[in-house]
Amino acid sequence: MKDRQNSQHKRIVISGGGTGGHIFPAIAIADALRRRMPDVEILFVGAKGRMEMERVPKAGYPIEGLWISGFKREFSLDNLSFPFKLLSSMIKARRIIRRFKPDVAVGVGGFASGPTMRAAASAGVPIVIQEQNSYPGVTNKIMCRKAEKICVAYDNMDKWFPAEKIIVTGNPLRNVIQTDNISHNESVRFFGLDPEKPVILIIGGSQGALGINKGISARLDLFKDNDIQLIWQTGKFYIDQAKKEVEAAGLSDRIKPVVFIDSMDKAYAAADIVISRAGAISISELAIVKKPVIFVPLPTAAEDHQTKNAQRLVDADAAVMVKNFETEDKLLSTAIELINDKDRCAEMGDNIGIFAKPDAADDVARQIMEILDNE
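This write-up is about the structure you can find in this document.

What counts, and at which threshold
Residues numbered from 1 in each chain as written. Predicted model: local features only at pLDDT ≥ 70, side-chain atom pairs only at ≥ 80, totals over all residues. Heavy atoms only, no water. Helix = DSSP H or I, 4+ residues; strand = E, 2+ residues; numbered from the N terminus. Rg over C-alpha atoms; globule rule 2.2 N^0.38 Å. Buried < 20%, exposed > 50% of the residue type's maximum accessible area, 1.4 Å probe, protein only. Contact = heavy atoms within 4.5 Å. Pairing = 2+ DSSP bridges. Right-handed = clockwise from strand over helix to strand, strands pointing away. Axes fitted to C-alpha atoms, helices over the stretch in contact; angles between N-to-C directions. Parallel < 35°, antiparallel > 145°, perpendicular 65-115°, else oblique. Patch = residues over 30% accessible without salt bridge, like charges linked within 9 Å, V, L, I, M, F, W, Y side chains within 5 Å. Areas by Shrake-Rupley, 256 points an atom, 1.4 Å probe, with all protein chains shown as cover. Salt bridge = Lys/Arg side-chain N within 4 Å of Asp/Glu carboxyl O. Lys, Arg positive; Asp, Glu negative; His and termini not counted. Charge placed at Lys NZ, Arg CZ, Asp CG, Glu CD. Core = buried A, V, L, I, M, F, W, Y, C linked by side-chain atoms within 4.5 Å.

The subject of this paragraph is the overall build of the chain. Assigned secondary structure in the chain consists of 15 helices and 13 strands. The C-alpha atoms of the chain give a radius of gyration of 21 Å, which matches the 21 Å a tight globule of 375 residues would have. A principal-axis box enclosing the C-alpha atoms of the chain has dimensions of 70 × 45 × 35 Å. Of all 375 residues assigned to the chain, the portion counted as buried reaches 55%. Counting contacts in the chain only where the partners sit at least 6 residues apart, residues at least 24 apart contribute 66% of the total.

Laid out in structure tokens, this is it:
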């Protein structure tokens with residue numbers, strides 16, 4: 001790998017994915033690097049069959065896929081193939097690193113990040129880790145000793161990572177969430193809704209959120225009694241059921257179920273309030289757009305970190321929280337009560353905005369460029 005320095009342009013590998021919480025920060029980092037270094041060559045490495053294999057090319061970057069998946073904690077026949085997947089991924093990752101000759105490797109967590117970062121470290125490539133959550137993923141915890149810098153979104157991460165390597169940058173976010181120059185009325189019409197009526201936006205994560213979806217399905221009748229509209233990101237596993245329920249209830253004019261929202265700038269601009277999981281990236285985005293939010297934390301998240309994320313904002317009067325097991329009884333009624341309280345919505349929007357870190361992607365890019373400059 002000694003000939004890395006002789007390449008005409010800088011080359012950077014970015015690896016990780018599996019969910020939007022990993023993929024979107026990775027793309028944001030790539031965009032920030034490209035703004036600063038227009039000639040930079042960026043290659044993504046993801047996991048075959050995962051959403052990064054579709055989302056990254058749509059963002060304009062090449063990607064290679066590894067045959068890799070997570071090891072399930074409960075008994076599963078899928079675990080029998082894990083050693084073979086890991087070996088295959090390690091071999092392919094080494095080939096990618098040898099061929100591409102990156103100057104820096106960036107790991108954002110997720111299945112593919114481990115083999116790629118390990119292969120890069122073995123080849124003497126400097127490593128940067130970006131950790132989105134207050135409780136780090138397994139891959140980043142394993143690789144942190146080999147990293148030169150660890151960019152994090154939360155304070156007090158030194159219980160997981162070496163303190164001297166930590167830089168608090170916040171979470172890199174997609175440019176597409178900026179709503180300053182977007183009309184509320186036009187955005188509402190974009191989703192086929194009435195600009196004169198309030199809008200709830202549901203973003204249950206890139207895969208959807210079953211608890212949230214069930215909470216909405218259980219009380220669709222409330223949309224008949226209240227003049228309120230809904231943009232409902234269901235995820236691919238719930239979309240057919242949601243469409244059938246909405247049509248059967250005669251609510252197709254005011255409830256719009258979609259698998260995934262590409263135009264998040266318009267979705268945020270259209271929304272009066274948001275219902276969301278309490279993942280790190282969702283929180284970071286909502287702080288930027290200053291939207292009042294009801295969090296429904298994912299109860300199976302590691303160390304229950306989503307509940308801790310949400311509670312931090314609830315304590316600052318910057319959010320409301322409904323537990324996953326409560327969604328069918330109180331989620332929609334809580335949302336309707338909030339959306340009708342304009343003063344509370346305005347106050348919560350201001351309060352969540354205090355947590356925003358709009359320059360996070362540029363801050364991470366700056367850390368990467370410092371390594372490049374010192375080579």
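What follows picks up the thread again.
Consecutive residues of a regular strand have side chains that alternate between opposite faces of the sheet. Of the two faces of strand S11 (residues 273-276), the one carrying Ile273 and Ile275 and the one carrying Val274 and Ser276 are both buried. Across four bridges, the pairing between strand S8 (residues 199-203) and S11 is parallel. Bridging across to S11, Ile200 finds its partner in Ile273. With three bridges connecting them, S11 and strand S12 (residues 293-295) associate as parallel partners. Its bridge partner being in S12, Ile275 is matched across the sheet by Ile294. A crossover links S11 with its parallel partner S12, the connecting element being helix H11 (residues 280-289), and its sense is right-handed.

On to the pairing of strand S6 (residues 149-152), then. Alternating residues of S6 divide into Lys149 and Cys151 and Ile150 and Val152, and every residue in both groups is buried. The β-α-β motif built from strand S5 (residues 127-131), the intervening helix H5 (residues 138-143) and the parallel element S6 has right-handed crossover chirality. By the bridge criterion, three bridges tie S6 to strand S7 (residues 166-168) in an arrangement that is parallel. Bridge pairing links Cys151 to Ile167 in S7.

What follows covers the packing of helix H7 (residues 210-218) against helix H13 (residues 327-339). At a closest axis distance of 8 Å, the pairing of H7 and H13 adopts a crossing angle of 75 degrees. The angle between H7 and H13 places the two elements in the roughly perpendicular class. Residue-level inspection shows Gly211, Ile212, Lys214, Gly215, Ile216 and Ala218 of H7 in contact with H13, the latter providing Thr327, Glu328, Leu331 and Leu332.

With parallel pairing, the six strands of this open sheet are ordered in space as S10-S9-S8-S11-S12-S13. Both edges of this open sheet fall to strand S10 (255-258) and strand S13 (320-321), since each of them pairs with a single strand only. Where S12 and S13 come together, two bridges link them in parallel fashion. If you follow Ile294 over to S13, its bridge partner there is Val320. Strands S8, strand S9 (229-233) and S11 of the sheet are contacted by H7, whose axis makes an angle of about 150 degrees with S9.

There is a patch of like negative charges on the surface, built from Glu337, Asp341, Asp343, Glu347 and Asp350. Take Asp341: it is sitting in the loop between H13 and helix H14 (342-353). Overall, Asp341 belongs to the partly exposed group, its relative accessible area being 35%.

This paragraph deals with the sheet that holds strand S3 (residues 63-66). Overall, parallel pairing links the seven strands, which are arranged S3-S2-S1-S4-S5-S6-S7 in an open sheet. Of all strands in the sheet, those with a lone pairing partner are S3 and S7, marking the two edges. Geometrically, the sheet is characterised by an average inter-axis angle of 20 degrees between neighbouring strands, direction not taken into account. Running over the sheet, helix H1 (residues 20-36) touches strand S1 (11-15), strand S2 (41-47) and S5 and is turned about 175 degrees from S2. Set on the sheet, helix H15 (residues 360-374) makes contact with S1, strand S4 (104-107), S5, S6 and S7; between it and S6 the angle comes to about 175 degrees.

Another aspect to go through is the pattern of salt bridges. Oppositely charged side chains are able to pair whenever their charged atoms sit close together. Taken as a whole and judged by the stated rule, the model has twelve salt bridges. Here Arg55 makes a salt bridge to Asp262, at a shortest N to O gap of 2.6 Å. On the criterion of sequence distance, the pair formed by Arg55 in helix H2 (residues 52-58) and Asp262 in the loop between S10 and helix H10 (264-270) is long-range, its members being 207 residues apart. Judged by its relative accessible area of 48%, Asp262 is partly exposed.

Right, let's get into unusual backbone geometry. Phi is positive for Asn156, close to 60 degrees, though the residue is something other than glycine. With respect to the secondary-structure elements, Asn156 resides in the loop between S6 and S7. Its relative accessible area of 61% is what places Asn156 among the exposed residues. Residues other than glycine seldom take positive phi values, yet Lys290 does so here, at roughly 55 degrees. Tracing the sequence through the fold places Lys290 in the loop between H11 and S12.

This paragraph deals with the side chain of Ser113. Considering the arrangement of structural elements, one finds Ser113 in helix H4 (residues 113-122). Ser113 sits in the buried class, given a relative accessible area of 0%. Not counting residues within four places of it along the chain, the set of residues in contact with Ser113 comprises Ser15, Gly16, Gly107, Val108 and Thr139.

Counting 59 residues, the largest nonpolar core has Leu201, Ile231, Tyr268 and Phe295 as the members making the most contacts within it. Ignoring anything within four residues of it in the chain, the contact list for Phe295 reads Ser276, Arg277, Ala278, Ile283, Leu286, Ala310, Leu313, Ala319, Val320, Met321 and Val322. Of all hydrophobic cores here, the second largest spans 32 residues; its members include Leu33, Val128, Val364 and Leu372.

The values are spatial; any link to function lies outside them.
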